[in-house]
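Read off the chains here:
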Amino acid sequence: MADWLAALHRRAELRAKAGLTRRLRPRAAEDAVVDLAGNDYLGLATHPEVTAAAGRALAAYGLGATGSRLVRGSTDVHHGLEAALADWLGTDGSLVFSSGYLANLGAVRALAQPRTLLVSDAHNHASLIDGCRISGAETVVTPHADPAAVAAALSAAPGRPAVVITESVFSVDGDLAPLAELHAVARRHGALLLVDDAHALGVTGPSGAGGVAAAGLAGEPDVVVTATLSKALGGAGGVVAGPAEFVRHLVETGRTFIFDTALPPAVAAGVRAALDLARAGDHLRAELAERAAETVRRLRAAGLTVSAPDAAVVSVTAPGPEAATAWAAGCADRGVAVGCFRPPSTPDSRSRLRLTISAGVPRAEFERALDVIVECAP
């Protein structure tokens, strides 16, 4: 009976040898670390209007939703949030899930009909990859951000229903997908376009409406948008937005929606307040853009290899997984939290630090954090 535990132990030893050990590091509420690892891009997670809205809903509804959306979990708070999200994203409707991961699983599965071909970018998030696997549909993985490769994959399957799947701002390097070109290719072949706007929502586009809106594709009938509510909006949950018929299809058939307990009303209320702040937050987006550009300038001047960000994610190449781990640990020891991405979490087997810029970090602390990253570099 202990053989399976011994096998797990051996696999853990192999991961440790390869520098791939992962550990949970709890933080206290009064944590004073400068956060360049989380996704609170606009600093809204602790905004007083957001926490006050969540507190009022907590007092009114209690801790949890008490059931799935189709049983007892739908509240007026959920429906108000969905209406606001649809208005912001420029879609007919939207549906809120308890996480962005489940939103992506549900959206991909719902778009996969018999004989559907899924064309997925090589750098897509794990939730999109898992959605393709769960759907059971044939999936072609195309080179990163390559509309020509997508066109070739679609041309090789004439007459079949197809869905092109991409992120808008990719979560590892922070680069922007060529959404307009991808949409043109998809439409030419009669395919749908599914865009995960998780790292763009609140950060790019008119009034922060995301990468799809920035590309002029908001409300297109052959475009479906997903996003998480846990990044620029500082809360939790996910959303799928698109044509009303598709939203209805998800309500009636989406397993990750039907069989999951609803997002707590207090979280939905906090996210709703954050949405209003984000829509009016052009000054925060300007600050993000300036800080991202400064980060690139400072780190490149120090001789580091840094991505050119299209939003608020900056990727810094590390020599290998062990060096990335040591680099991140050195920063943490000096009070700076940075993301540490190593295989198999990276799509190209390249280790790096991932810096997520936040307008909520005081400017002096942000400047100090950049100094620490340079000084701790391997």
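Let me begin by describing the structure that accompanies this report. (Residues numbered from 1 in each chain as written. Predicted model: local features only at pLDDT ≥ 70, side-chain atom pairs only at ≥ 80, totals over all residues. Heavy atoms only, no water.)

Some points on empty space enclosed by the protein
In step 1: Counting across every chain of the model gives two cavities of 30 Å³ or more.
In step 2: Its volume calculated, the largest cavity comes out at about 60 Å³.
In step 3: Together, Arg 69, His 78, Val 96, Phe 97, Ser 98, Thr 256, Phe 257, Asp 260, Thr 261, Ala 262 and Leu 263 line the largest cavity.
In step 4: For the lining of the largest cavity, the elements supplying multiple residues, two or more each, are strand S2 (93-97) and helix H11 (255-258).
In step 5: The residue inventory of the lining of the largest cavity, partitioned by class, reads five nonpolar, four polar and two charged.
In step 6: By volume, the second largest cavity amounts to about 40 Å³.
In step 7: Secondary structure elements with two or more residues in the lining of the second largest cavity: strand S3 (117-121) and strand S5 (162-167).
In step 8: Partitioned by chemical class, the residues of the lining of the second largest cavity number seven nonpolar, three polar and two charged. (1 Å grid on protein atoms, 1.4 Å probe; cavity = no way out; pocket = protein on both sides within 12 Å on 5 of 7 lines; lining within 4 Å. Points joined across faces, edges and corners; volume = space filled by probe spheres on them. Helix = DSSP H or I, 4+ residues; strand = E, 2+ residues; numbered from the N terminus. Nonpolar A, V, L, I, M, F, W, Y, C, P; charged D, E, K, R; others polar.)

Observations concerning the sheet that holds strand S11 (residues 352-356)
In step 1: The four strands are arranged S1-S10-S11-S9 in an open sheet whose pairing can be described as mixed. Edge positions in the sheet fall to strand S1 (34-36) and strand S9 (313-317), since each of these pairs with one other strand and no more. Ignoring strand direction, the axes of neighbouring strands in this sheet form an average angle of 30 degrees.
In step 2: For strand S10 (residues 336-341) and S11, the ladder comprises three bridges, and the chain directions are antiparallel. Across the sheet, residue Gly 339 finds its bridge partner in S11, namely Arg 354.
In step 3: Of the strands in this sheet, S9 and S11 are in contact with helix H13 (residues 282-301), which crosses S9 at around 15 degrees.
In step 4: Of the strands in this sheet, S1, S10 and S11 are in contact with helix H15 (residues 363-375), which crosses S1 at around 70 degrees. (Pairing = 2+ DSSP bridges. Axes fitted to C-alpha atoms, helices over the stretch in contact; angles between N-to-C directions. Contact = heavy atoms within 4.5 Å.)

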